[in-house]
Amino acid sequence: MYLETRNLTKRFGGLTAISGVDFGIERGKVNAIIGPNGAGKSTFFHLITGIHRPSEGEVLFKGKDISKLPPNKIAELGVARTFQTTNLFERATVFENVVVGHRLRTRSNLFDAVFRTKRLKEEEEKCKEKALKVLDFAGLSAITDRVVTNISQEEKKRVAFALALATDPEVIFLDEPTAGVNPDETEELSLLIEKMAQKGITVCLIEHKMKMIMNMADKIMVLNYGEKIAEGTPEEINNNDEVIKAYLGG
Ligand code: ADP
Ligand code: MG
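Just so it is clear, the structure is predicted and the values come from calculations on it, not from any experiment. (Residues numbered from 1 in each chain as written. Chains lettered and ligands numbered in written order. Predicted model: local features only at pLDDT ≥ 70, side-chain atom pairs only at ≥ 80, totals over all residues.)

**Q** How should the site of ligand 1 be read in this particular structure?
**A** Taken together, the neighbourhood of ligand 1 is formed by Phe12, Leu15, Ala17, Gly35, Asn37, Gly38, Ala39, Gly40, Lys41, Ser42 and Thr43. Contributions of two or more residues to the shell around ligand 1 are made by β2 (15-25) and α1 (41-48). With three residues, α1 is the largest single contributor of residues to the shell around ligand 1. The residue makeup of the shell around ligand 1, split by class, is four nonpolar, six polar and one charged. (Near = placed C-beta within 6 Å. Helix = DSSP H or I, 4+ residues; strand = E, 2+ residues; numbered from the N terminus. Nonpolar A, V, L, I, M, F, W, Y, C, P; charged D, E, K, R; others polar.)

Written out as structure tokens, the structure is:
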């Protein structure tokens, strides 16, 4: 399996937020995680991307245990993510946000930073080129110089995607990529996510909009109270009694 969790468990004091989850993410596919609020979806992403350490179990990426690596090391392996709440520099422009985000993730040493070496200048040029490229991919070319406070929620979501894409990820984790946007904008963002997948990036997303998930996911995992209660294709999930029960609160 491309990316896999084994017996993944996270406890916060007496609360088990993720409980013994085995899940495989398929390469080149759109994988989705659904479940009621508080089910442990974001925690699951935090465990994979190194923000939390598992209480038990492991995360294997291409066969290697990454569960003890810090977030930047995991990012360097080609694992990118966005957050449920977009955390952009509101007073900077769209372009600046992507350049700074990218720079924070590319290593330059103190010597370079102080003496502004030729290598550093070249690196900066590359950052800027890369930023323009991913902004174009995300459909933001026309608004690169707008200050983030003044753009729409949908555009902010696109900026967050661009930031993640600037690291040239192999796999991208999107936590509620369409939260807070209207149905038309959801459609537009779905197209962008599909475009990422077509480019060969493995996608894993958390979503509440069932129609969108049913249309675009190849594989779905359902979480409820930290446990995996179902896994399968959209058709299989749609007809699963456990899932219906969890959603109806039965
Ligand atoms: P979801 O994303 O599915 O809505 P979360 O993963 O955010 O759910 O949260 C799962 C459960 O874990 C919730 O009950 C939440 O309150 C709890 N939780 C999440 N993060 C922490 C934390 N850092 N400390 C304590 N409890 C947490
Ligand atoms: Mg969440």
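**Q** Sorry, what's going on with the sheet that holds strand β4 (residues 56-61) here?
**A** Strand-to-strand pairing in sheets goes through backbone hydrogen bonds, with the strands running parallel or antiparallel. The strand order across the open sheet formed by four strands is β2-β1-β4-β5, and the pairing between neighbours is antiparallel. Since the sheet does not close on itself, it has two edges, and those belong to β2 and β5 (64-65), each with one partner. Where strand β1 (residues 3-12) meets β4, five bridges bridge the pair, whose relative direction is antiparallel. The partner of Thr9 across the bridge, within β4, is Glu56. Sheet strands touched by α1: β1, β2 and β4. Its angle to β2, the strand with the most contacts, is close to 65°. (Pairing = 2+ DSSP bridges. Contact = placed C-beta atoms within 7 Å. Axes fitted to C-alpha atoms, helices over the stretch in contact; angles between N-to-C directions.)

**Q** Help me out: how do you make sense of α1 in this one?
**A** Along an α-helix, residues three or four positions apart point the same way, because every turn accommodates 3.6 residues. Summarising burial for α1: seven of the eight residues are buried, a large majority. A positive backbone phi angle near 85° is found at Gly50, which sits one or two residues after α1. (Buried ≥ 20, exposed ≤ 12 C-beta atoms within 10 Å, placed from the backbone.)

**Q** What is the right way to read the pairing of strand β8 (residues 202-206) from this model?
**A** In the case of a regular strand, side chains alternate between the two sheet surfaces. Across the five residues of β8, five count as buried, placing the element largely inside the fold. Neither face of β8 is open: one carries Thr202, Cys204 and Ile206, the other Val203 and Leu205, and all of them are buried. Judged from the four bridges that link them, strand β3 (residues 30-34) and β8 form a sheet pairing that is parallel. The residue bridging Asn31 from the neighbouring strand is Cys204, located in β8.

**Q** Help me understand the environment of Gly57, please; the structure alone is not making it clear to me.
**A** Structurally, the position occupied by Gly57 is in strand β4. Residue class for Gly57 comes out partly exposed when judged on the 18 C-beta atoms lying within 10 Å of it. The sequence separation of Gly57 and Ser19 amounts to 38 residues, and the corresponding C-alpha distance is 9.6 Å. When sequence neighbours within four positions are dropped, the list of residues in contact with Gly57 reads Thr5, Arg6, Asn7, Leu8 and Thr9.

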